[in-house]
Amino acid sequence: MLRFKILASVVPLLAAAVFARAEIGSVSHPCIALGETSVELTTLFWTAGVHVAFTEDPAQATVRVQVTDDADAADFAVVDDGLGSESESCQAAPATRLVSIAAQPVDGAQVIYLSTEGPADYRIYVRSKTFSQREAAALIVGARGGHRQLQAASL
(Lines give C-alpha, C1' and ligand atoms only; values in the text may rest on other atoms or scores of the structure.)
Protein backbone atom coordinates (compact mmCIF):
# COMPACT_ATOMS: atom_id res chain seq x y z
CA MET A 1 0.00 0.00 0.00
CA LEU A 2 2.84 2.38 0.85
CA ARG A 3 4.42 1.72 -2.55
CA PHE A 4 1.19 2.66 -4.27
CA LYS A 5 1.00 5.93 -2.32
CA ILE A 6 4.60 6.79 -3.25
CA LEU A 7 3.95 5.94 -6.90
CA ALA A 8 0.75 7.98 -6.90
CA SER A 9 2.60 11.01 -5.53
CA VAL A 10 5.64 10.70 -7.83
CA VAL A 11 3.80 10.27 -11.15
CA PRO A 12 2.29 13.80 -11.19
CA LEU A 13 5.67 15.30 -10.29
CA LEU A 14 7.36 13.44 -13.13
CA ALA A 15 4.68 14.57 -15.57
CA ALA A 16 5.12 18.18 -14.46
CA ALA A 17 8.90 17.94 -14.81
CA VAL A 18 8.63 16.52 -18.33
CA PHE A 19 6.17 19.26 -19.31
CA ALA A 20 8.34 22.02 -17.84
CA ARG A 21 11.47 20.69 -19.53
CA ALA A 22 9.74 20.52 -22.90
CA GLU A 23 8.43 24.07 -22.44
CA ILE A 24 11.76 25.55 -21.32
CA GLY A 25 13.77 23.76 -23.99
CA SER A 26 11.44 24.75 -26.79
CA VAL A 27 12.59 27.53 -29.12
CA SER A 28 9.27 27.81 -30.91
CA HIS A 29 8.23 30.87 -28.91
CA PRO A 30 8.65 34.32 -30.46
CA CYS A 31 12.19 35.50 -29.88
CA ILE A 32 14.51 38.35 -30.88
CA ALA A 33 18.26 38.68 -30.60
CA LEU A 34 19.85 41.86 -29.23
CA GLY A 35 23.60 41.61 -29.58
CA GLU A 36 24.74 38.85 -27.22
CA THR A 37 21.35 38.58 -25.52
CA SER A 38 18.15 37.02 -26.78
CA VAL A 39 14.67 37.88 -25.56
CA GLU A 40 12.05 35.13 -25.72
CA LEU A 41 8.40 34.91 -24.76
CA THR A 42 7.52 32.13 -22.37
CA THR A 43 4.22 30.74 -21.14
CA LEU A 44 5.80 29.63 -17.86
CA PHE A 45 5.14 32.68 -15.69
CA TRP A 46 7.51 31.66 -12.90
CA THR A 47 10.52 31.30 -15.22
CA ALA A 48 10.22 34.80 -16.67
CA GLY A 49 12.43 37.55 -15.33
CA VAL A 50 10.29 40.20 -17.02
CA HIS A 51 6.50 40.40 -16.94
CA VAL A 52 4.36 42.67 -19.08
CA ALA A 53 0.62 43.19 -19.27
CA PHE A 54 -1.69 44.97 -21.69
CA THR A 55 -4.38 47.52 -21.04
CA GLU A 56 -7.13 49.13 -23.08
CA ASP A 57 -6.89 52.30 -20.94
CA PRO A 58 -4.04 54.62 -21.97
CA ALA A 59 -4.10 56.25 -18.52
CA GLN A 60 -3.05 52.95 -16.89
CA ALA A 61 -0.19 52.31 -19.32
CA THR A 62 3.47 52.71 -18.43
CA VAL A 63 4.53 52.18 -22.07
CA ARG A 64 2.70 53.12 -25.26
CA VAL A 65 3.34 51.07 -28.39
CA GLN A 66 2.00 52.21 -31.74
CA VAL A 67 1.43 49.73 -34.57
CA THR A 68 2.40 51.38 -37.85
CA ASP A 69 1.93 50.38 -41.50
CA ASP A 70 5.25 51.95 -42.50
CA ALA A 71 8.34 49.86 -41.74
CA ASP A 72 10.60 52.88 -42.21
CA ALA A 73 8.76 54.78 -39.48
CA ALA A 74 9.00 51.90 -37.01
CA ASP A 75 11.50 51.56 -34.17
CA PHE A 76 11.11 47.78 -34.38
CA ALA A 77 10.02 45.78 -37.43
CA VAL A 78 9.13 42.08 -37.50
CA VAL A 79 9.08 40.54 -40.96
CA ASP A 80 10.03 36.90 -40.55
CA ASP A 81 8.37 35.09 -43.43
CA GLY A 82 10.91 35.81 -46.16
CA LEU A 83 13.62 33.58 -47.55
CA GLY A 84 16.37 35.13 -45.45
CA SER A 85 14.98 34.55 -41.97
CA GLU A 86 17.55 34.08 -39.22
CA SER A 87 16.02 31.06 -37.50
CA GLU A 88 19.19 30.32 -35.50
CA SER A 89 19.72 33.81 -34.06
CA CYS A 90 17.71 33.00 -30.91
CA GLN A 91 19.33 29.89 -29.52
CA ALA A 92 18.73 29.28 -25.83
CA ALA A 93 21.69 30.62 -23.86
CA PRO A 94 22.45 31.84 -20.34
CA ALA A 95 21.93 35.40 -21.59
CA THR A 96 18.35 34.66 -22.70
CA ARG A 97 15.84 37.02 -21.10
CA LEU A 98 12.43 35.38 -20.67
CA VAL A 99 9.34 37.58 -20.92
CA SER A 100 5.82 36.56 -19.99
CA ILE A 101 2.53 38.25 -20.80
CA ALA A 102 0.41 38.48 -17.67
CA ALA A 103 -3.37 38.58 -17.80
CA GLN A 104 -3.38 41.32 -15.15
CA PRO A 105 -0.68 43.89 -14.30
CA VAL A 106 1.97 42.57 -11.90
CA ASP A 107 3.59 44.86 -9.31
CA GLY A 108 6.53 46.64 -10.91
CA ALA A 109 5.79 45.25 -14.39
CA GLN A 110 5.35 47.30 -17.53
CA VAL A 111 1.76 47.86 -18.68
CA ILE A 112 1.48 48.28 -22.45
CA TYR A 113 -1.12 50.29 -24.32
CA LEU A 114 -1.12 49.02 -27.91
CA SER A 115 -2.78 51.23 -30.51
CA THR A 116 -2.55 52.46 -34.09
CA GLU A 117 -2.33 56.11 -32.99
CA GLY A 118 0.39 58.11 -31.24
CA PRO A 119 1.96 59.39 -29.10
CA ALA A 120 4.09 56.33 -28.48
CA ASP A 121 7.29 55.26 -26.76
CA TYR A 122 7.84 52.64 -29.47
CA ARG A 123 6.52 52.19 -32.98
CA ILE A 124 6.37 48.64 -34.34
CA TYR A 125 5.75 47.17 -37.78
CA VAL A 126 4.63 43.52 -37.80
CA ARG A 127 4.17 41.33 -40.87
CA SER A 128 4.52 37.78 -39.61
CA LYS A 129 2.89 34.39 -39.50
CA THR A 130 4.55 33.57 -36.20
CA PHE A 131 4.49 36.89 -34.28
CA SER A 132 1.33 38.72 -33.27
CA GLN A 133 1.36 42.47 -32.67
CA ARG A 134 0.94 41.84 -28.94
CA GLU A 135 3.89 39.44 -28.89
CA ALA A 136 6.10 41.89 -30.78
CA ALA A 137 5.12 44.67 -28.37
CA ALA A 138 5.83 42.42 -25.35
CA LEU A 139 9.26 41.52 -26.73
CA ILE A 140 10.28 45.10 -27.48
CA VAL A 141 9.16 46.34 -24.06
CA GLY A 142 10.59 43.30 -22.28
CA ALA A 143 13.91 43.72 -24.08
CA ARG A 144 14.61 47.14 -22.65
CA GLY A 145 12.18 47.53 -19.79
CA GLY A 146 10.12 50.37 -21.16
CA HIS A 147 11.31 53.77 -22.30
CA ARG A 148 14.89 53.09 -23.36
CA GLN A 149 15.55 52.95 -27.11
CA LEU A 150 16.83 49.81 -28.84
CA GLN A 151 20.06 49.76 -30.81
CA ALA A 152 19.32 46.81 -33.12
CA ALA A 153 17.43 43.53 -32.99
CA SER A 154 17.08 40.54 -35.25
CA LEU A 155 14.88 37.47 -35.42
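Residues numbered from 1 in each chain as written. Predicted model: local features only at pLDDT ≥ 70, side-chain atom pairs only at ≥ 80, totals over all residues. Heavy atoms only, no water.

If you tally the helices and strands in the chain, you get two helices and eight strands. Put simply, the chain has 155 residues, and 38% of those count as buried. Split by element, the accessible area of the chain, about 9,500 Å² in all, is 55% carbon and sulfur. (Helix = DSSP H or I, 4+ residues; strand = E, 2+ residues; numbered from the N terminus. Buried < 20%, exposed > 50% of the residue type's maximum accessible area, 1.4 Å probe, protein only. Areas by Shrake-Rupley, 256 points an atom, 1.4 Å probe, with all protein chains shown as cover.)

Reading across the sheet, the eight strands line up as β1-β2-β6-β3-β7-β4-β8-β5 and stay open at both edges, with mixed pairing between neighbours. Looking at the sheet topology across the chains shown, the edges are occupied by β1 (31-34) and β5 (76-79). Within the sheet, the average angular offset between the axes of one strand and its neighbour, ignoring direction, is 25°. Sheet topology note: the strand β3 (residues 50-55)/strand β6 (residues 96-102) ladder contains four bridges and is parallel. In the strand pairing of β6, valine 52 is matched with isoleucine 101. Here helix α2 (residues 133-144) sits on the sheet in contact with β1, β2 (37-41), β3, β4 (63-67), β5, β6, β7 (110-115) and β8 (122-127), set at roughly 140° to β8. (Pairing = 2+ DSSP bridges. Axes fitted to C-alpha atoms, helices over the stretch in contact; angles between N-to-C directions. Contact = heavy atoms within 4.5 Å.)

Moving on to the pattern of salt bridges. Working definition: two side chains of opposite charge can pair if their charged atoms are close together. Taken as a whole, this structure holds two salt bridges when the rule is applied. Where arginine 127 meets aspartate 69, a salt bridge forms, and the shortest distance between an N and an O atom there is 3.2 Å. One end of the pair, arginine 127, is in strand β8; the other, aspartate 69, is in the loop between β4 and β5, and 58 residues separate them in sequence. Aspartate 75 is paired through a salt bridge with arginine 123; the nearest N and O atoms lie 3.3 Å apart. Of this pair, aspartate 75 sits in the loop between β4 and β5 while arginine 123 sits in strand β8, and the two are 48 residues apart along the sequence. (Salt bridge = Lys/Arg side-chain N within 4 Å of Asp/Glu carboxyl O.)

Turning our eyes to something else, we now look at the pairing of β7. Counting buried residues in β7 gives five out of six residues, a clear majority hidden from the surface. Bridge analysis of β3 against β7 gives four bridges, and the strand direction is parallel. In the strand pairing of β7, phenylalanine 54 is matched with isoleucine 112. Taken together, the four bridges between β4 and β7 define a ladder with parallel strand orientation.

Counting residues in hydrophobic clusters, the biggest one holds 25 residues, and the most contacted among them are Ile32, Val65, Ile124 and Val141. Going through the elements one at a time, β1, β2, β3, β4, β5, β8 and α2 are the ones with two or more residues in this core. When residues in this core are grouped by element, the largest group, seven residues, is from α2. The residues contacting isoleucine 124, other than those within four sequence positions of it, are Val65, Gln66, Val67, Thr68, Ala74, Phe76, Leu114, Gln133, Ala136, Ala137 and Ile140. (Core = buried A, V, L, I, M, F, W, Y, C linked by side-chain atoms within 4.5 Å.)

It is worth spelling out the pairing of β1 at this point. Of the two faces of β1, the one carrying Cys31 and Ala33 and the one carrying Ile32 and Leu34 are both buried. Bridge count for β1 against β2 is four bridges, and the pairing is antiparallel. Note that in β2 the partner of cysteine 31 across the bridge is glutamate 40. Hairpin geometry of β1 and β2 is characterised by an intervening segment of two residues between the two adjacent antiparallel strands and by a positive phi of about 65° at glycine 35.

Looking now at the side chain of threonine 42. With respect to the element layout, threonine 42 can be found in the loop between β2 and β3. According to the relative accessible area criterion, threonine 42 is buried, its value standing at 12%. Within the local environment of threonine 42, its side chain forms a polar contact with the backbone nitrogen of leucine 44, the two atoms lying 3.1 Å apart. Leaving out residues up to four positions away in the same chain, threonine 42 has contacts with Thr47, Ala48, Leu98, Val99 and Ser100. (Polar contact = N/O pair within 3.5 Å; in protein donor to acceptor, adjacent residues only side chain to side chain.)

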